[in-house]
Amino acid sequence: MRKTPFLDFHKEINASIGEFSGWTMPIDYGDMLQEALITRKSVTFFDISHLSRIVVSGKDALNFLQRLVARDIKKLSVGKISGPTAFLNQNAGFKDDVMVYRLTDLVFLIVGNAINHDKIVDWLNYNSSNYNVDIKDITFDTAMLALQGPQSTEKIKKKIGEKIKNLSPLNFLTNIKTKYGEIKLISYSGWTGEAGYEIICDIDVGEKILRDLYQEKILPAGLGARDILRIEMGYNLYGNEINENINPIEAKYWIFSWKKEEDYIGKKALFNILKNGVEKVKYGLLVKKGSPLPRKGMKIYIEDKEIGFITSGTFSPLLKTPIALGYINSKHSILGLKVKIFKGNKEIDAKLVEPPFIKRL
Amino acid sequence: MTAIKMSERIQYKNYILLKDRRYQDTHEWIKIIEGNKVRVGITDYAQKKLKSIVYVDTPEVGKDIEKGELITTVESVKAVGEVISPVNGKILSFNEKLEDDPSLINNDPYGEGWIVEVEVTNPSELDNLLDVEGYIEVIKKEEEE
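Residues numbered from 1 in each chain as written. Chains lettered and ligands numbered in written order. Predicted model: local features only at pLDDT ≥ 70, side-chain atom pairs only at ≥ 80, totals over all residues.

### Let's talk about the overall build of chain A
A tally of helices and strands in chain A yields eight helices and 20 strands. Since a compact globule built from 361 residues should have a radius of gyration of about 21 Å, the 21 Å found for chain A is in line with a globular shape. In terms of overall dimensions, chain A has a C-alpha envelope of 60 × 50 × 40 Å along the principal axes. Classification of the 361 residues of chain A by burial places 47% in the buried group. Partitioning the contacts of chain A with sequence separation of at least 6, the portion at a separation of at least 24 is 67%. (Helix = DSSP H or I, 4+ residues; strand = E, 2+ residues; numbered from the N terminus. Rg over C-alpha atoms; globule rule 2.2 N^0.38 Å. Buried ≥ 20, exposed ≤ 12 C-beta atoms within 10 Å, placed from the backbone. Contact = placed C-beta atoms within 7 Å.)

Structure, rendered in structure tokens:
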């Protein structure tokens with residue numbers, strides 16, 4: 001089992017430790033609903049060191065990644081993160097959804113899902129034979145932290161300095177000297193729908209940052225809260241909403257550039273799918289207040305006809321009601337449609353909505 | 001009316017137990033209110049394991065239940081807990097406050113967070129249930145796993 005380098009720190013501050021994607025990580029610090037709410041209302045910090053971090057560099061780095069990801073990254077400026085993109089398989093299913101950072105002209109950082117780490121390292125190596133590239137996995141030598149919430153800019157400025165203040169969404173700075181030591185990268189990004197920052201640094205620097213934030217009375221939030229926040233925004237989690245057998249069109253996940261000229265793996269299949277249409281599409285399900293929680297795998301019905309299934313369900317502490325994400329057969333792809341989710345012999349009333357469930361950013 | 005005694009609080013690790021009631025190894029508490037009438041809820045240990053409770057299923061009031069039978073389910077974001085009847089009897093009432101605020105179970109598992117009132121067929125059944133020391137042994141065993 002892999003584990004966050006800060007496990008001792010999390011235990012010290014009474015985290016509940018659990019497993020996520022093969023990693024031992026903090027799941028919550030007592031109350032994940034409260035942690036999600038505080039992130040929406042003020043600010044929290046997260047340890048997200050489980051995310052995979054892979055540096056691709058070399059003469060052919062751009063062409064290599066252009067061949068592997070669905071977004072056009074040749075116009076991506078140095079110091080910017082691409083919007084969400086993905087490695088697709090030949091059928092246009094998701095191998096992994098990732099962010100691509102352009103560190104310099106010929107050096108890129110790929111941040112992806114922990115669960116796909118080994119698969120993607122293999123995939124990159126497997127496809128690299130005709131390219132002059134160097135693939136370096138820095139996941140285990142670095143830490144990744146996030147500070148998220150409407151007060152995050154104010155806090156980060158106080159900690160790291162004024163140079164942060166002009167950072168706009170999906171922009172980053174590198175090699176910043178701070179009182180903690182050097183921060184390799186800080187970006188305006190996150191997965192919560194709030195203003196926020198993500199930091200990549202050496203492990204000893206990360207530990208100093210975590211301890212300092214905690215001493216400053218900024219509250220920690222665990223992966224449980226992170227899951228609630230991303231479902232409230234309708235963001236896809238690999239293994240739930242997306243996998244090798246789901247394509248970006250079904251997921252309404254716009255990880256590709258419509259006008260990208262270069263060929264990439266999965267492109268042909270993707271445009272065939274666009275032409276021929278899809279069998280199912282992703283929706284949000286707003287659940288009637290006071291209902292039990294819809295959970296992954298539950299079936300969605302209209303009367304006695306099965307029309308879809310749930311991929312993620314949770315409770316929104318902000319809306320005070322259960323919410324879910326799932327897939328609906330295309331014939332019933334009708335916004336506002338009232339449906340029933342079957343939980344054992346119980347029916348849960350819900351309505352098809354387009355996420356986000358809450359308006360942010 | 002019996003006089004209300006301050007119940008003695010016992011702490012094991014991070015978990016509170018009260019001496020004025022009995023326990024079942026599936027993490028329910030049971031306490032006599034008066035005569036044959038008892039209250040049933042889940043223990044502090046159980047609510048701490050489940051965490052933020054967001055839903056309590058409404059049980060069928062008036063229903064006869066047997067010891068070991070499912071009374072209702074309690075859900076948090078990450079888990080579903082079962083409330084198993086510690087005795088034979090009949091469900092007299094459900095704590096309707098839980099419909100609006102299931103987190104009462106987290107905030108006050110032994111008081112405001114009670115779940116059902118039951119008419120026990122034979123109150124001496126409670127003697128067969130666990131006392132504080134017996135229930136601490138159950139927690140110990142689970143914590144070892």
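### Side note on the domain arrangement of chain A
By domain assignment, chain A separates into domain 1 (2-50 + 140-232), domain 2 (53-137) and domain 3 (279-361). Taking only C-alpha atoms into account, the centre of domain 2 of chain A sits 34 Å from that of domain 3 of chain A. (Domains from an automatic or database assignment.)

### Considering the sheet that holds strand S9 (residues 80-84) of chain B
Residues and elements named next belong to chain B. Read from one edge of the open sheet, three strands run S6-S8-S9, paired in antiparallel fashion. A single partner strand is all that each edge strand has here, and the edge strands are strand S6 (53-56) and S9. Neighbouring strand axes in the sheet, compared pairwise and without regard to direction, differ in orientation by 25 degrees on average. Bridge count between strand S8 (residues 70-76) and S9: five bridges; the pairing is antiparallel. Bridge pairing in S9 places Val-74 opposite Gly-81. (Pairing = 2+ DSSP bridges. Axes fitted to C-alpha atoms, helices over the stretch in contact; angles between N-to-C directions.)

### A few points about the sheet that holds strand S18 (residues 321-329) of chain A
All names here are of chain A. Strand order in the closed barrel formed by six strands is S15-S18-S17-S16-S19-S20, and the pairing between neighbours is antiparallel. Across the sheet, the mean angle from the axis of one strand to that of its neighbour is 45 degrees, orientation sign disregarded. Relative to strand S20 (residues 346-353), strand S19 (residues 338-343) runs antiparallel, the two sharing six bridges. Across the sheet, Lys-343 pairs through a bridge with Lys-346, a residue of S20. Relative to strand S17 (residues 305-316), helix H7 (residues 223-233) is tilted by about 130 degrees, and along the sheet it contacts S17 and S18.

### Focus: the nonpolar core
For soluble globular proteins, the rule of thumb is that nonpolar side chains tend to be buried together. Counting 127 residues, the largest nonpolar core has Leu65(A), Val69(A), Val100(A), Leu145(A), Ile199(A) and Leu285(A) as the members making the most contacts within it. Leu285(A) has contacts with Pro294(A), Ile323(A), Ala324(A), Gly326(A), Ile341(A), Ala350(A) and Leu352(A), leaving out every residue within four places of it along the chain. (Core = buried A, V, L, I, M, F, W, Y, C linked by C-beta atoms within 7 Å.)

### What to know about H7(A)
Residue and element names in this part refer to chain A. Most of H7 is tucked away, with ten of its eleven residues classed as buried. For H7, the full list of buried residues reads Leu-223, Gly-224, Ala-225, Arg-226, Asp-227, Ile-228, Leu-229, Arg-230, Ile-231 and Glu-232. Those residues of H7 that are buried are in contact with strand S2 (16-20), strand S3 (23-28), helix H2 (32-41), strand S4 (44-47), S17 and S18. Downstream of H7 by a residue or two, Gly-234 has a phi angle that is positive, lying close to 80 degrees.

### Examining the interface of chain A and chain B
Across the boundary between the two partners, chain A contributes eleven residues, which contact nine residues of chain B. Those elements that place two or more of their residues in the side of chain A that touches chain B are H2, H7 and S17 of chain A. Grouping the amino acids of the side of chain A that touches chain B by side-chain chemistry returns six nonpolar, three polar and two charged. (Nonpolar A, V, L, I, M, F, W, Y, C, P; charged D, E, K, R; others polar.)

### Some details on the packing of H2(A) against H7(A)
Residue and element names in this part refer to chain A. At a minimum axis separation of 8 Å, H2 and H7 run at an interaxial angle of 60 degrees. Judged by the inter-axis angle, H2 sits oblique to H7. The handedness of the crossing between H2 and H7 comes out as right-handed. Judged by residue contacts, Met-32, Glu-35, Ala-36 and Thr-39 of H2 engage Gly-224, Ala-225, Ile-228 and Leu-229 from H7. Partitioned by chemical class, the residues of the contact of H2 with H7 number five nonpolar, two polar and one charged. (Parallel < 35°, antiparallel > 145°, perpendicular 65-115°, else oblique. Left-handed = near helix turned anticlockwise from the far one by under 90°.)

### Focus: the environment of Leu76(A)
Residue and element names in this part refer to chain A. Within the fold, Leu-76 resides in the loop between helix H3 (61-68) and strand S6 (85-88). Spatially, the C-alpha atoms of Leu-76 and Pro-322 are 38 Å apart, while their sequence positions differ by 246 residues. Contact partners of Leu-76, with chain neighbours within four places excluded, come to Ser-82, Val-100 and Arg-102.

### Topic: the pairing of strand S12 (residues 181-188) of chain A
All names here are of chain A. With respect to burial, S12 is a largely interior element, six of its eight residues being buried. Pairing between strand S11 (residues 172-178) and S12: six bridges, direction antiparallel. From the neighbouring strand, Ile-176 faces S12, where its bridge partner is Ile-183. Where S11 hands over to S12, the hairpin turn is made up of two residues, counted between the paired strands. In terms of strand pairing, S12 meets strand S13 (residues 196-202) through five bridges, oriented antiparallel. Across the sheet, residue Ile-186 finds its bridge partner in S13, namely Ile-199.

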